[in-house]
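Working through the structure, step by step
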Amino acid sequence: MTADLAVTAALQALADALDDLGAPAMVIGGIAVIARGVPRATLDIDATVWAERLDLEVALNVFGRHGFVPRVADARQFAEVHQTLLLRHLASGTPLDVSLARLPFEREALARATPVDFGGPTLLVANVEDLVVYKAVAWRERDRSDIERLLLANPGQVNVERVRALVTEFAAALDAPERVVEFDALLVRVSR
């Protein structure tokens, strides 16, 4: 199975699993960046699901019925500690990280997500503005590059004041005040 077919198969299984799960959910990460107009490679899928009333055993069973198996020995315990289900689509080998959303920002982002057709499966995907915030929280080199490319590919689709305020809040919570300075520098580079 080629990488494209593998990811498409995993996306279809994810769409079916999320339908069965019934909780608000969306795709984030590299697949979302691609869906929002930035060409890049990725071999995994990142999603988020509203977890306020989510039973992790039920969720693991639902994902299991759709071909996703845990990537760690005690997936439920790992998810309770790290707020992420680490799964793999067995048929394609595609890794899937499902973050457990509980924050007000995440609730808003889930409500703002829009459907994207992935050549068969259709899934809700974080909008550009919220995706920039997710990437600013992660803040790895790839994330910073994604932010720049998202902003350049989607002019006028980001309320920079809202995003900067959220980045400031998350930077304070993460005890990373330098992130705001670095984010501002990124915005300057993009505006040139």
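Anyway, here's the lowdown on the structure attached to this text.

How each quantity is defined
- Residues numbered from 1 in each chain as written.
- Predicted model: local features only at pLDDT ≥ 70, side-chain atom pairs only at ≥ 80, totals over all residues.
- Heavy atoms only, no water.
- Helix = DSSP H or I, 4+ residues; strand = E, 2+ residues; numbered from the N terminus.
- Polar contact = N/O pair within 3.5 Å; in protein donor to acceptor, adjacent residues only side chain to side chain.
- Contact = heavy atoms within 4.5 Å.
- Salt bridge = Lys/Arg side-chain N within 4 Å of Asp/Glu carboxyl O.
- Buried < 20%, exposed > 50% of the residue type's maximum accessible area, 1.4 Å probe, protein only.

Further remarks concern the side chain of His-66. Mapped onto the secondary structure, His-66 falls in the loop between helix 3 (56-65) and strand 3 (68-70). Here Asp-20 takes part through its side chain, which lies 2.5 Å from a polar atom of the side chain of His-66. Discounting residues that sit within four places of it in the chain, His-66 has contacts with Ala-13, Asp-16, Ala-17, Asp-20 and His-89.

What follows deals with the pattern of salt bridges. The final tally for this structure, using the stated rule, is 16 salt bridges. The salt bridge involving Arg-53 is made with Glu-52; its shortest N-O contact spans 3.9 Å. The exposure class assigned to Glu-52 is partly exposed, which follows from its relative accessible area of 46%. For Asp-130, the salt bridge is made with Arg-162, and the minimal N-O distance between the two is 3.0 Å. Taken together, the positions of Asp-130 in helix 6 (residues 128-138) and Arg-162 in helix 8 (residues 160-173) put the pair 32 residues apart, joining distant regions of the chain. By relative accessible area, Arg-162 is classed as buried at 18%. Because the salt bridges share partners, they merge into one network encompassing Arg-40, Lys-135, Arg-140, Asp-143 and Asp-146.

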